[in-house]
Amino acid sequence: MTKSDRPLLRSAPALALSEMAGLTSESRLRWRSISAGRWTALVTLLLVAPLLATTLRFPLLVMEPGPAPDIADRSEILTPTFESSGSFHLTTVQIRRPGGSTLFEAMQAMFASDKFLVSRSAVYPPGGSDEQANQVQSAQMVQSEVSAAAVAFDALGIEYEQAGALVIDVLPGSPASEVLEPGDVITEVDGQPVTGIDELIEAIAQRSAGETLAVTLTRDGAVTNEQVRTVQSQEEPARTVMGVQISQHHRAPIDINFDAADIGGPSAGLMFALSIYDRLEEGDLTGGKKIAGTGTLDATDGSRTAVGGVGAVELKVRGAMQLGADVFVVPQDSVEKARSLAGSSMQVIGVSTFEEAIAALEAL
């Protein structure tokens, strides 16, 4: 290679690059300007996207297994009781963010086996506020406590009396929604005692839609009087209603103090009843085992109490497994699903009535 060749070798690559790219100095400046803008947008997206994914809320809720408290710690029976060698546990589910989930949390729930992703409207029905929805959940828990005590007393032959109609829910926008709240216990209508729901239904049926009832009720231990205007039933136009959902309230011969303020819903009834029965019955129903479960209660004909279905059974099974439960009691219509999830980790018992639950646990 000669000296004259060297300058050509040094300048050729630069010349070739310009010719191949077809770029003048001005066009190269424009290309660099556009490229810088794109890089800026990309970097901004990479920085902002995680922030949006973890802060922006969507009307989707992540539901997961909640705590499974020992019922004996959540209910005090004010009379001498028998000791149990084991324990009864109420399984629950919880909402991580009631206000709505972030995109990151929603995507996590979609691929997690121990989480459900549900629409917010499924938990907080439209037409009412979050506060009203929480009141309904609390009233349903009160109903399950009252029903549980009555069912346990029935099974033990302990007499009790009916003591009014418990308001479980109030129709949003109805006249009743302005004066009644979930958890109220109606004891009189137009000066006539109301000991049961049949008496309340009969008193309302005697009025025409639009007439006003004088209602005496108990709220948070205080007695108050209200005026409630009746309305026409949306399902049966010929029927007059108050616009409330009610359940039977009882006055127990044995005082029981429940502490379930942070838990709502109706599905605690079965486990509350089993725990009350066990502590008031001389035998030990637990057999030294840790027993978890779920199920509503519905007194059918006075001799048998049906165990009703519940939601989110899969999450409650996983909650029982996390607890290390030996036995899981579940409504009969959910037993196969529960067993498939539990495998050999714990024994799953399906029951249709409270009496079946007692017999099944005694057989253990």
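Look above for the structure.
Residues numbered from 1 in each chain as written. Predicted model: local features only at pLDDT ≥ 70, side-chain atom pairs only at ≥ 80, totals over all residues. Heavy atoms only, no water.

## Comments concerning helix α9 (residues 313-323)
When α9 is considered as a whole, its buried residues turn out to be Val-313, Leu-315, Lys-316, Val-317, Gly-319 and Ala-320. Where the residues of α9 are buried, they touch β2 (60-65), β5 (93-95), β7 (116-119), β17 (290-293), β20 (327-331) and α10 (335-342). Downstream of α9 by one or two residues, Gly-324 has phi in the positive range, about 85°. (Buried < 20%, exposed > 50% of the residue type's maximum accessible area, 1.4 Å probe, protein only. Helix = DSSP H or I, 4+ residues; strand = E, 2+ residues; numbered from the N terminus. Contact = heavy atoms within 4.5 Å.)

## Some words on the sheet that holds β7
Strand order in the open sheet formed by three strands is β5-β2-β7, with antiparallel pairing between adjacent strands. Each edge of the open sheet is held by one strand with a lone partner, namely β5 and β7. Here the strands of the sheet are splayed against their neighbours by 35° on average, with no regard to which way each runs. In the sheet, β2 pairs with β7 via four bridges, with the strands oriented antiparallel. Note on β7: the bridge partner recorded for Leu-61 is Val-118. The sheet contacts of helix α4 (residues 103-110) involve β2 and β7, and relative to β7 the element is tilted by about 125°. (Pairing = 2+ DSSP bridges. Axes fitted to C-alpha atoms, helices over the stretch in contact; angles between N-to-C directions.)

## Looking at a nonpolar patch on the surface
Judged by side-chain polarity, Leu-103, Met-107, Met-110, Phe-111 and Leu-117 come together as a nonpolar surface patch covering roughly 530 Å² of accessible area. Looking at the element boundaries, Phe-111 is found in the loop between α4 and β7. (Patch = residues over 30% accessible without salt bridge, like charges linked within 9 Å, V, L, I, M, F, W, Y side chains within 5 Å. Areas by Shrake-Rupley, 256 points an atom, 1.4 Å probe, with all protein chains shown as cover. Salt bridge = Lys/Arg side-chain N within 4 Å of Asp/Glu carboxyl O.)

## Structural notes on the packing of aromatic side chains
Within this structure, the stated rule accounts for three aromatic pairs. For the pair Phe-153 and Tyr-160, a centre-to-centre distance of 6.4 Å together with 45° between the ring planes defines the contact as tilted. Consider the rings of Phe-258 and Phe-272, whose centres lie 5.1 Å apart with planes at 80°: the pair is edge-to-face. Highlighted residues: Phe-258 in strand β16 (residues 256-258) and Phe-272 in helix α8 (residues 269-280), separated in sequence by 14 residues. On the basis of relative accessible area, Phe-272 is assigned to the buried category, the value being 1%. (Phe/Tyr/Trp six-rings, centres within 6.5 Å; stacked < 30°, edge-to-face > 60°.)

## What about unusual backbone geometry?
Of note in the backbone geometry, Asp-190 takes a positive phi value of approximately 55° without being a glycine. Position of Asp-190 relative to the elements: it lies in the loop between β9 (185-189) and β10 (192-193). A residue is classified by how much of its surface remains accessible, and Asp-190, at 33% relative accessible area, is partly exposed. A positive phi angle, close to 55°, is found at Ala-312, a residue other than glycine.

## Thoughts on the nonpolar core
Of all hydrophobic cores here, the largest spans 35 residues; its most connected members are Phe-88, Leu-270, Leu-274, Leu-297, Phe-354 and Leu-361. Elements with a minimum of two residues in this core: β4 (87-90), α6 (130-156), α8, β20, β21 (347-351) and α11 (354-363). The contact partners of Leu-297, leaving out residues within four places of it in the chain, are Ser-147, Ala-148, Val-151, Gly-269, Leu-270, Ala-273, Thr-305, Ala-306, Val-307 and Phe-354. Val-194, Ile-204, Val-215 and Met-242 belong to the second largest nonpolar core, which has 17 residues in total. (Core = buried A, V, L, I, M, F, W, Y, C linked by side-chain atoms within 4.5 Å.)

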